[in-house]
Structures are given as C-alpha cells and as structure tokens.
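Letter by letter, the chains look like this.
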Amino acid sequence: MNVPLRELAADPGGHGHATGRLAAVRLEFAAAPAGETHVARQYASYPFHVCRPFRYAGDPAGMATVYTQSASGGVYEHERLSIAIETNAGAAAHVTTQASTIVHEMQHGFAEQTIELHAGPNSWLEFLSDPLILFPDARIETRLRLVAAAGARAIVGDAFLAHDPKGKNRPFGRVTGEIRIEREDGGTIAVDRLSVSGADFSRALRQDDRGFATHGSMLMLAPEDESARALDAIRGLLAAPQETPGEIYAGVSLLPQGAGLWTRAVARDGAALRRTMLAIWSAMREGMTGIAPAPRRK
C-alpha cells in the first residue's frame, strides 16, 4: 500500500542544493466502481501526517477532501520537503493543509519544497495549501509542477506572506519559486518564476503607503467554456468594492492554448489574502460546476 522507499531516495527536484533529510508525503487517489474517490496509496514521513478523507455536499461527484498536517513547528534551515499527489483516471480530490506553515530564520542556508501534481485522464485535482509565513531571514526555494492528462481539471494555489513576530518589519531573506504547467502528452502550457529578496519585496509592495505584505497565485485548468464563465465571475469579484479600500491588488488572465486561467494577488495581510484566494477558488469552482463549494473548516 505504501510508495516504495526507493522513490523517496532520489532528489525530487533534481537539484540537490539543500543538505537536510528528505521529508515526504505521497498521495494517490482512485475512483471506486461506484464513483466515490478513495486514497489508493499513501506514504508520509515526519513531520507529515495525512487525515482521513472528508466529503462535502456540492463537490464534484465522488470528490474526497484530504488535509495534510505537520507535527513540527515549521520549516527550518536545510530541510527538504517533497509532496506528490496523483489523481487516477476519473478520480476527484481536494488536498489542503490544516494551517499556514512558518518558515523560520536561517543563518547560512535555505530550505526546499518540491510539489509534484499529476491529474490523470478526466480526473479532478485541487491543491490549495495555506500560505507560507516567511519570518525574518527565512530563505526557501519552492518548485511546483502540474502535469495534466486529457480531460483533466485542476485548481492549484500558491501563496506566501512576510511576517516579523517582533513587529519591526525585518524582511525575510529570499523566496525563489517556480510553477510549471505541462500536458501529459507533451508540451508546456505555462511557466511562472519568482525570485525576490525580502528587502526588495518590502520596498516594492510597501512604498507609497501600499502596505502589501502577501503574495498569492491561483491557476485553473478547464475547458474554454468553463474558463470563460470563471473569468467573468473573477473579473466581477475583483472589480467589486473592497471591505477596506486598497487592501487587495489583483488580476486575472487566460492561460495559453485555451487551457484555463491564472490569477495573482497581493494583499495587506494574511486575512485579506485568505478571503481573496477563497473567493477566487469559489468563482473557479462555480464556473466549472455551476455550484459554489462548501468552505473547508480550518
């Protein structure tokens, strides 16, 4: 039932920069003959823990919601975290985290997080983790790769926020990230790369009293008609009056090849970013199914 350990011995990103022990979680979802999705295979090493699947009314048929948890106090220097999630043909899964993850101060090195997502034929995969919280001098490299087969649908979110627990606005060290979207039969749909120091991030987003301290992206892979409905809904959402004027700056655009949508947002704080990301997810899901999703309890 477990993923073979030899699959965990290799460097998932092919870089080998961080020197710490590899911590990994692997989840494979499959559809039962009656249509309900279950966890077909799983593996979790410290600090990861996987909860049992939950079901929510209004989700796509048979969808399983799974929370991943961490038993540690966050991400530390030299750590290597690897997440791999696969939905087999016809399966539907929503994977999220129990809370945001702190990335701690790092004196000499950095941490790595690699996420590999594979949406099989006619499957549905949602991966919406809570933001990384970057403490002063935190340094992390993240890589997220989504491979989609024919007929697959996906919604994927990625976010971080800067936070100084002492309230002195000390910047994080650096965040370097890549999101890559590929087709299973070959070809790259889109690649997004980011590398910014905390000082530059703070300078760019806090100047002129903007006060932004967070960054989030969310992508959607779906047929063109569903993408068009979601695009209209998200544009309306972003154009609506904000609870606090100026707390969010966001945009949405179409992915190449008619593959779906891409959104990006910056916000003044984590609460504003969370509201925005959840609203965008809801608009995407409603564009795909005609039904707004039930909130996941955190």
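Further up the page is the structure itself.
Along each chain, residue indices are assigned from 1 in the same order as the chain's sequence is written. Where totals are concerned, whole chains, interfaces and linings use all residues; where local detail is concerned, this predicted model gives features only for residues with pLDDT of at least 70, and gives and counts side-chain atom pairs only at 80 or more. To get the side-chain values, take all heavy atoms of the structure and skip hydrogens and water.

Trainee: Which residues make up the overall build of the protein, and what values go with them?
Mentor: Numbering of helices and strands starts at the N terminus; helices are DSSP runs of H or I of at least 4 residues and strands are runs of E of at least 2. Within the protein, the secondary structure is distributed over four helices and 17 strands. To get the radius of gyration, use the C-alpha atoms; to get the globule rule, take the number of residues to the power 0.38 and multiply by 2.2 Å. Whereas a compact globule of 298 residues would reach a radius of gyration of roughly 19 Å, the protein reaches 19 Å, a difference of no more than 12%. Burial classes: relative accessible area under 20% of the type maximum marks a residue as buried, over 50% as exposed, and values in between as partly exposed (1.4 Å probe, protein chains only). When the 298 residues of the protein are sorted by exposure, 49% land in the buried category. Residue contacts follow a heavy-atom distance rule, with two residues in contact if any of their heavy atoms lie within 4.5 Å. Looking at the protein alone, contacts between residues at least 24 apart form 74% of all its contacts between residues at least 6 apart. Roughly 13,600 Å² of accessible area belongs to the protein as shown, and the carbon and sulfur atoms make up 52% of that amount. For the area figures, the Shrake-Rupley method with a 1.4 Å probe applies, and any residue is considered shielded solely by the protein chains shown.

Trainee: Which residues make up the layout of surface pockets, and what values do they have?
Mentor: If a probe the size of a water molecule is rolled over the atoms, the empty space left behind becomes visible. Its volume calculated, the largest pocket comes out at about 440 Å³. Here a cavity is any set of points on a 1 Å grid over the protein atoms alone where a 1.4 Å probe fits but cannot get out, and a pocket is any open set with protein on both sides within 12 Å along at least 5 of 7 lines; a residue lines the site when it has an atom within 4 Å of a point. If you go around the largest pocket, you meet 25 residues; those closest to its centre are Asp130, Arg274, Met277, Leu278 and Lys298. Sort the elements by how many residues they give to the lining of the largest pocket and helix H4 (residues 270-289) lands first, with eight residues. Here the residues of the lining of the largest pocket sort into 13 nonpolar, seven polar and five charged. Roughly 370 Å³ of internal volume is contained in the second largest pocket. Together, 26 residues line the second largest pocket, and Phe48, Thr97, Thr101, Gln113 and Leu132 are the ones closest to its centre. Of all the secondary structure elements, the ones that give two or more residues to the lining of the second largest pocket are strand S4 (64-70), strand S5 (80-87), strand S8 (111-119) and strand S12 (153-162). The greatest single-element share of the lining of the second largest pocket, amounting to three residues, is contributed by S4. We call Asp, Glu, Lys and Arg charged. Ala, Val, Leu, Ile, Met, Phe, Trp, Tyr, Cys and Pro are nonpolar, and the rest, Gly among them, are polar. Of the residues in the lining of the second largest pocket, the class split is eleven nonpolar, twelve polar and three charged. Grid points are joined across faces, edges and corners, and a volume is the space filled by probe spheres set on the points.

Trainee: I'd like a description of the pairing of strand S13 (residues 174-183), backed by residues and values.
Mentor: For a regular strand, side-chain orientation follows a simple rule: the groups alternate between the two sheet faces. Two strands make a pair as long as DSSP finds a minimum of two bridges between them. Bridging between strand S11 (residues 139-148) and S13 involves ten bridges; their strand directions are parallel. When the bridges of S13 are listed, arginine 145 appears paired with arginine 180. Direction of pairing for S13 relative to strand S14 (residues 188-197): antiparallel, over a ladder of nine bridges. Across the sheet, residue arginine 174 finds its bridge partner in S14, namely serine 197. Where S13 folds back on S14, the antiparallel hairpin that results is connected by four residues, among which glycine 186 adopts a positive phi of roughly 110 degrees.

Trainee: Quick rundown of the packing of aromatic side chains? Include the residues and the values.
Mentor: Each pair of aromatic rings is reported with the distance of its centres and the angle of its planes. Centre distance within 6.5 Å is the pairing criterion for rings of Phe, Tyr and Trp, where only the six-membered ring of Trp is used; planes under 30 degrees apart are then read as stacked, over 60 as edge-to-face, and the remainder as tilted. Summed over the entire model, instances satisfying the criterion amount to four aromatic pairs. Taking the centre distance of 6.1 Å and the plane angle of 80 degrees together, the rings of phenylalanine 160 and phenylalanine 172 count as edge-to-face. You can see phenylalanine 160 sitting in strand S12 and its partner phenylalanine 172 sitting in the loop between S12 and S13, a full twelve residues away along the chain. Grouped by ring-pair contacts, the aromatic residues Phe160, Phe172 and Phe201 constitute a single cluster. Our definition puts a charge over a ring when NZ of Lys or CZ of Arg is within 6 Å of the ring centre and also within 35 degrees of the ring normal. Between arginine 268 and the ring centre of phenylalanine 212, over which it is positioned, the NZ or CZ distance is 5.9 Å.

Trainee: How would you explain the nonpolar core if you had to name every residue and give the values?
Mentor: One recurring pattern in soluble globular proteins is that nonpolar side chains are buried together. Ile85, Leu117, Leu134, Ile181 and Leu221 are the most contacted members of the largest nonpolar core, which has 49 residues in total. Non-local contacts of leucine 134, meaning those with residues more than four positions away in its chain, are made with Val103, Ile140, Phe160, Leu161, Ala162, His163, Phe172 and Val175. Residue types Ala, Val, Leu, Ile, Met, Phe, Trp, Tyr and Cys, when buried and joined through side-chain atoms within 4.5 Å, form a set referred to as a nonpolar core.

Trainee: Before we move on, could you go through the environment of alanine 272 and cite the residues and values that matter?
Mentor: Along the chain, the position of alanine 272 falls in helix H4. Classification of alanine 272 by relative accessible area gives buried; the value is 1%. Along the backbone, alanine 272 and glutamate 247 are 25 residues apart, and their C-alpha atoms lie at a distance of 6.9 Å. When residues no more than four places from it in sequence are discounted, the contact partners of alanine 272 are Glu247, Ile248 and Ala267.

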